[in-house]
Amino acid sequence: MFRPLTQGWRGLLPSVALLSTRSISSGTSTDVKFAGKVAVITGSTNGIGLAIARRLAQDGAHVVISSRKQQNVDRAVAALQGEGLSVTGTVCHVGKAEDRERLVARALEHCGGVDFLVCTAGVNPLVGSTLGSSEQVWDKILNINVKAPALLLSQLLPHMEKRGQGSVVLVSSISAYVSLARLGAYNVSKTALLGLTKTLAVELAPKNIRVNCLVPGIIKTPFSQVVRTTGSSWSQPHLVFPRRKGQPEDCAGLVSFLCSPDASYISGENIVVAGFSPHL
Ligand SMILES: NC(=O)c1ccc[n+]([C@@H]2O[C@H](COP(=O)([O-])OP(=O)(O)OC[C@H]3O[C@@H](n4cnc5c(N)ncnc54)[C@H](OP(=O)(O)O)[C@@H]3O)[C@@H](O)[C@H]2O)c1
């Protein structure tokens, strides 16, 4: 029952985009869930980030797309604009302060503030043991996966505060709960994000900014190729439980919900999207 439903949804994607374009162009701004809202998404030219960008834009937000490579930014912006969606883009390697500044500036060009930040960019430079990870590997993983979301948010915060409310979504991994073999330092970085979510949720509550975390299972993207081909996921009973592989679109609806007023009393949550949740 699960599988045909998903395939049906994927088949519907182009018409969903068309439907959304139509409702944006023909409706008043109040018809659209995120009318007037601006979303900044890192690592959004492919995979999970791109699916989230498409979904928030379909819901009416203006989305600022970003990743390290100009050609990827150009391709993603052209694809989404071709679907009638309101997007712009800029290069942003999240580990570089000057790139983060450029991303903030690009977001402010649209309407002077930012409502949503989704931190999707993440790396795993090593398939190997935790104790076999060099200092450079540790630095890269922790800089990009853990420090960069916090630093970018600190740069964006004054502009989110101006809006009177905001929603931040970090992106962890099921490997935070069920360690994937030979991804030791990466697993640790994704566990740290669960804690970062809790800490930021408490710190930013007085500013009416909510912070939650998407925790994907194995999702079919180039990033998960190594896990899917080495079979390390199959040694984990909890990751075998789902009856189908996840698709990037499976993650996008949760982010849309977490940014919406329906989630206005939800903050500090780490929410697993994996067909099954291994945590209590
Ligand atoms: N796929 C899974 O099974 C899975 C499971 C759990 C968690 N996750 C997490 O989900 C996130 C996205 O993964 P994905 O599977 O969607 O990967 P993906 O399809 O390979 O896409 C990665 C995106 O991030 C960008 N990127 C990579 N390094 C970056 C950096 N330093 N700064 C800015 N952008 C960067 C890439 O574009 P450029 O090359 O142009 O930079 C690309 O747009 C990651 O944080 C990952 O840890 C994935």
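Residues numbered from 1 in each chain as written. Predicted model: local features only at pLDDT ≥ 70, side-chain atom pairs only at ≥ 80, totals over all residues. Heavy atoms only, no water.

1. Quick notes on the environment of L103
1) Next: In this fold, L103 is placed in helix α4 (residues 97-111).
2) Next: With relative accessibility at 0%, the residue L103 sits in the buried group.
3) Next: The spacing of L103 and S66 is 37 residues in sequence and 7.6 Å in space, taken between C-alpha atoms. (Helix = DSSP H or I, 4+ residues; strand = E, 2+ residues; numbered from the N terminus. Buried < 20%, exposed > 50% of the residue type's maximum accessible area, 1.4 Å probe, protein only.)

2. A closer look at helix α3 (residues 70-82)
1) Next: Relative to the 18 Å expected for 13 residues at 1.5 Å per residue, α3 spans 18 Å between its end C-alpha atoms, a close match to the ideal helical length.
2) Next: Residues N72, V73, A76, V77 and L80 constitute the buried set of α3. Down the axis of α3, the sector holding all buried residues measures 125°, keeping them to one side. The exposed set on the far side of α3, more than 90 degrees from its buried face, consists of Q71 and G82. (Expected span 1.5 Å × (residues − 1). Arc of directions from axis to C-beta.)

3. Brief notes about the sheet that holds strand β5 (residues 166-171)
1) Next: In space, the seven strands of this open sheet follow the order β3-β2-β1-β4-β5-β6-β7, with parallel pairing throughout. Strands at the two margins of the open sheet, each flanked by one partner only, are β3 (87-91) and β7 (270-273). Here the average twist between neighbouring strands, direction ignored, is 20°.
2) Next: The sheet contact formed by β5 and strand β6 (residues 209-216) spans six bridges and is parallel. When the sheet's bridge partners are listed, S167 is paired in β6 with R210.
3) Next: Strands in contact with helix α6 (residues 184-204) are β5, β6 and β7; relative to β6, the strand with the most contacts, it is inclined by about 165°.
4) Next: Along the sheet face, helix α9 (residues 249-259) touches β4 (116-119), β5, β6 and β7 and points at about 165° away from the line of β6. (Pairing = 2+ DSSP bridges. Axes fitted to C-alpha atoms, helices over the stretch in contact; angles between N-to-C directions. Contact = heavy atoms within 4.5 Å.)

4. Focus on the confidence of the model for the protein chain
1) Next: Taken as a whole, the protein chain shows an average pLDDT of 87; of its residues, 84% reach a score of 70 or greater.
2) Next: In the predicted structure, residues 1-29 sits below a pLDDT of 50 and forms 22 contacts with residues beyond four places in sequence or in another chain. (pLDDT = per-residue confidence, 0-100.)

5. Regarding the site of the ligand
1) Next: For the ligand, the set of nearby residues contains 30 residues, the closest of which are T45, S67, Y186, I219 and T221.
2) Next: Separating an oxygen atom of the ligand from a backbone N or O atom of I48 is a distance of 2.8 Å. (Near = heavy atom within 4 Å. Polar contact = N/O pair within 3.5 Å; in protein donor to acceptor, adjacent residues only side chain to side chain.)

6. Some thoughts on unusual backbone geometry
1) Next: Phi at R182 takes a positive value of approximately 65°, unusual for a residue other than glycine.
2) Next: Along the chain, R182 turns up in the loop between β5 and α6.

7. A word on helix α2 (residues 47-58)
1) Next: The first and last C-alpha atoms of α2 sit 17 Å apart over twelve residues, in line with the 16 Å expected at 1.5 Å per residue.
2) Next: Across the twelve residues that make up α2, a large majority, eleven, are buried.
3) Next: Turning to α2, its buried residues number three or more, namely G47, I48, G49, L50, A51, I52, A53, R54, L56, A57 and Q58.
4) Next: Two residues or fewer past α2, G60 is found with a positive phi of approximately 110°.

8. Section: the packing of α4 against helix α5 (residues 135-161)
1) Next: Following both chains from N to C, one finds α4 and α5 inclined at 35°, their axes separated by 10 Å at the closest point. The hand of the α4/α5 crossing is right-handed. Judged by residue contacts, A97, R100, E101, L103, V104 and L108 of α4 engage A148, L151, L152, Q155, L156 and H159 from α5.
2) Next: Residue composition of the contact of α4 with α5, grouped by class: eight nonpolar, two polar and two charged. (Left-handed = near helix turned anticlockwise from the far one by under 90°. Nonpolar A, V, L, I, M, F, W, Y, C, P; charged D, E, K, R; others polar.)

9. Some words on the packing of aromatic side chains
1) Next: For the structure shown, the criterion picks out two aromatic pairs.
2) Next: Seen from their ring centres, F34 and F116 are 4.9 Å apart, and the 65° between their planes marks the pair as edge-to-face. Of this pair, F34 sits in the loop between α1 (2-26) and β1 (38-42) while F116 sits in strand β4; the two residues are 82 residues apart in sequence, bridging distant segments of the chain.
3) Next: Relative to F223, the ring of Y186 lies with its centre 5.7 Å away and its plane at 45°, an arrangement referred to as tilted. (Phe/Tyr/Trp six-rings, centres within 6.5 Å; stacked < 30°, edge-to-face > 60°.)

10. Some details on the packing of α5 against α6
1) Next: The geometry of α5 relative to α6 is characterised by a closest axis approach of 9 Å and an angle of 20° between their N-to-C directions. With respect to their mutual orientation, α5 and α6 come out roughly parallel. As α5 packs across α6, the resulting crossing turns out to be right-handed. Along its contact with α5, which presents W138, I141, L142, N145, V146, P149, A150, L153 and L157, the element α6 presents A185, Y186, V188, S189, K190, A192, L193, L196, L200 and L204.
2) Next: Grouping the amino acids of the contact of α5 with α6 by side-chain chemistry returns 16 nonpolar, two polar and one charged. (Parallel < 35°, antiparallel > 145°, perpendicular 65-115°, else oblique.)

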